[in-house]
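Chain residues, written in single-letter form:
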Amino acid sequence: MTFTSPTRPIMHACASASSGGVICPLPAAHQPVLLDEVVDALTPHDGGVYVDGTFGAGGYSHAILESADCTVWAIDRDPDAIAAGAAMAEEFDGRLGLITGCFGDMDGLLAERGVTQVDGVTFDLGVSSMQLDQPERGFSFRYNGPLDMRMEGAHGDRPSAADVVNHMREKELADIIYQFGGERRSRQVAKAIVEARGESPITRTFQLADIVRSVVGKSRDGLDPATRTFQALRIHVNDEIGELGRGLAAAETILSPGGVLAAVSFHSLEDRLVKDFLKQRSGASPRPSRHRPETTDPSLSPSFTIPSKGVIQPGKEEIKANPRARSGRLRSAIRTGEPAWDTAPESNPGAPSP
Ligand SMILES: C[S@@+](CC[C@H](N)C(=O)[O-])C[C@H]1O[C@@H](n2cnc3c(N)ncnc32)[C@H](O)[C@@H]1O
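Quick caveat: nothing in here was measured; it's all calculated off a predicted structure.

Asker: Now, about the overall build of the protein: what can you tell me, with residues and values included?
Answerer: Along the protein, the regular secondary structure elements total 14 helices and nine strands. Looking at the protein as a whole, 47% of its 354 residues are labelled buried. Within the protein, counting contacts between residues at least 6 apart in sequence, those at least 24 apart form 67% of the total.

So this is what it looks like as structure tokens:
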């Protein structure tokens, strides 16, 4: 597979009724971030079994399958991503298994398929270019579409971004926009949303972007004022921080001794969660929580060791070729033979409210 993704989406005329025949983008292929580094960390071997918890366009899965005669179980909560992986599954002739679901449920999803131990687990967190560049998914303020943002698609049973902005209390909205988006004017944004929805329901991405832009000015770096609010809503709608906590704990359960966890995150909250989890599980921070006394309980012996490299970031070349890579952070760790801990990682590192 070649990743010839243009940095800008290809435009074409949409014929669908929902788009009204307007110009809209063809989703660009997703360019995997820190791909070589992730494969290096996993060091796939012949006969090994690996989990790609965030299949997307399959860049990680493809590289793992090419690097050894191994098996990959690829999970994605987006049914479109899994459907598009059928050709790759055929290419690798029985070595790629595709699963629609959340990586937080990975242990159960794999157990249903008779898999209880694996040699590596990787996560490439966030959304794919295909999701961002499809107006009807409602992730981006760059295109006008329904305000949806559910990774499972519009038929998922969780509330959409439109449900959130039209029904959530102002204070809670402000908290989410601040905590998950880092928006300093979160209170003003939440107030503007509540005022606007009093006039008419907020159902389109452009509508929300305009509301945000009415109270947040352009930053010096040229970032669209809507960026932080859209990011915050996406993280909330998909419970991305909660999912990551469950995914880390599930990986700890199914990794065999010597197995590798490799997680690439793009948001400081995610990176902090991965870092704290690994610090705790490797024994670098002695207590699982301040409510739990220090203990020599063998069930709390280090379940991971951290290689000396620590965090890995993309180099200049990669950032130049793929600007989305710039905030990527890879953390990896090696599973020990000790039992998995019975405590869930802190899934909400608790940023103060605005
Ligand atoms: C950044 S993309 C992954 C790109 C992939 N590494 C590649 O090379 O094409 C993230 C993907 O993970 C999926 N995803 C995000 N959170 C998930 C979760 N909790 N469980 C399963 N899939 C998830 C998204 O639907 C999206 O397709």
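Let us keep going from here.
Asker: An account of helix H13 (residues 268-281) is needed here, citing residue identities and associated values.
Answerer: Helix length check: H13 (14 residues) gives 20 Å between terminal C-alpha atoms against 20 Å at 1.5 Å per residue, within 8%. Turning to H13, its buried residues number three or more, namely Glu270, Asp271, Leu273, Val274, Lys275, Phe277, Leu278, Gln280 and Arg281. The inward-facing, buried residues of H13 abut helix H12 (240-254), strand E7 (255-265), strand E8 (304-305) and strand E9 (329-335). Count one or two residues on from H13 and you reach Gly283, which has phi positive near 85°.

Asker: Can you lay out helix H11 (residues 227-237) for me, pointing to particular residues and giving the numbers?
Answerer: When you tally the buried positions in H11, you get 10 out of 11 residues, the bulk of the element. For H11, every residue scored as buried is listed here: Arg228, Thr229, Phe230, Gln231, Ala232, Leu233, Arg234, Ile235, His236 and Val237. Just downstream of H11 lies Asp239, where phi reads positive at about 45°.

Asker: Explain the site of the ligand residue by residue, including any values.
Answerer: As a matter of local geometry, the ligand sits amid 23 residues, with Pro32, Thr54, Gly56, Gly59 and Asp124 nearest to it. Those elements giving two or more residues to the shell around the ligand turn out to be helix H2 (59-67) and strand E4 (71-76). When its residues are assigned to classes, the shell around the ligand shows nine nonpolar, nine polar and five charged.

Asker: Please provide a residue-by-residue account of unusual backbone geometry, values included.
Answerer: Even without glycine at this site, Thr43 takes up a positive phi of about 35°. Its place among the elements puts Thr43 in the loop between helix H1 (35-42) and strand E3 (49-52). Accessibility expressed as a C-beta count within 10 Å gives 13 for Thr43, which makes it partly exposed. Non-glycine residue Met149 carries a positive phi angle of around 70°.

Asker: Could you give me a rundown of the environment of Ala262, with the residues and numbers involved?
Answerer: Position of Ala262 relative to the elements: it lies in strand E7. Considered as a pair, Ala262 and Val39 are 223 residues apart in the sequence and their alpha carbons are 8.9 Å apart. Among residues more than four places away in sequence, those in contact with Ala262 are Val38, Ala41, Leu42, Thr122, Leu330 and Ser332.

Asker: Any chance you could break down the packing of helix H8 (residues 170-181) against helix H9 (residues 186-199) for me, citing the residues and the numbers?
Answerer: For the pair H8 and H9, the least separation of the axes is 8 Å and the interaxial angle reads 135°. On the basis of the axis angle, H8 is oblique to H9. Along this stretch, H8 crosses H9, giving a crossing that reads as right-handed. From H8, Glu170, Leu173, Ala174, Ile177 and Tyr178 reach across to H9, where they touch Ser186, Arg187, Val189, Ala190, Lys191, Ile193 and Val194. By residue class, the composition of the contact of H8 with H9 is eight nonpolar, one polar and three charged.

Asker: Residue-level account of the pairing of E3, with values.
Answerer: Of the two faces of E3, the one holding Val49 and Val51 and the one holding Tyr50 and Asp52 are both buried throughout. For the crossover that starts at E3, traverses H2 and ends in the parallel E4, the hand is right-handed. Summarising the sheet, E3 and strand E6 (residues 118-124) pair through three bridges and their orientation is parallel. Counted as the bridge partner of Asp52 is Thr122 from E6.

Asker: Can you tell me about the confidence of the model for the protein, naming the residues and giving the values?
Answerer: Averaged over the protein, the pLDDT score is 88; the fraction of residues at 70 or greater is 85%. Low pLDDT, under 50, characterises residues 1-26; the stretch is placed with 36 contacts to residues that sit more than four places away or in other chains. The model gives residues 349-353 a pLDDT under 50, and that stretch makes seven contacts with residues more than four places away or in other chains.

Asker: Please provide a residue-by-residue account of the environment of Thr343, values included.
Answerer: Here Thr343 is to be found in the segment after E9. A sequence separation of 94 residues divides Thr343 from Ala249, and the C-alpha atoms of the two residues are 8.4 Å apart.

Asker: Lay out the packing of H12 against H13 with the relevant residues and their values.
Answerer: H13 packs onto H12 with a crossing angle of 30° between their chain directions and a minimal axis gap of 10 Å. As far as their axial angle goes, H13 and H12 are roughly parallel. The element H12 and its partner H13 pack so that their crossing is right-handed. On H13, the residues that touch Ile241, Leu244, Gly245, Leu248 and Glu252 of H12 are Leu269, Glu270, Leu273, Val274, Phe277 and Arg281. Split into classes, the residues belonging to the contact of H12 with H13 amount to seven nonpolar, one polar and three charged.

What counts and what doesn't
Residues numbered from 1 in each chain as written. Predicted model: local features only at pLDDT ≥ 70, side-chain atom pairs only at ≥ 80, totals over all residues. Helix = DSSP H or I, 4+ residues; strand = E, 2+ residues; numbered from the N terminus. Buried ≥ 20, exposed ≤ 12 C-beta atoms within 10 Å, placed from the backbone. Contact = placed C-beta atoms within 7 Å. Expected span 1.5 Å × (residues − 1). Near = placed C-beta within 6 Å. Nonpolar A, V, L, I, M, F, W, Y, C, P; charged D, E, K, R; others polar. Axes fitted to C-alpha atoms, helices over the stretch in contact; angles between N-to-C directions. Parallel < 35°, antiparallel > 145°, perpendicular 65-115°, else oblique. Left-handed = near helix turned anticlockwise from the far one by under 90°. Right-handed = clockwise from strand over helix to strand, strands pointing away. Pairing = 2+ DSSP bridges. pLDDT = per-residue confidence, 0-100.

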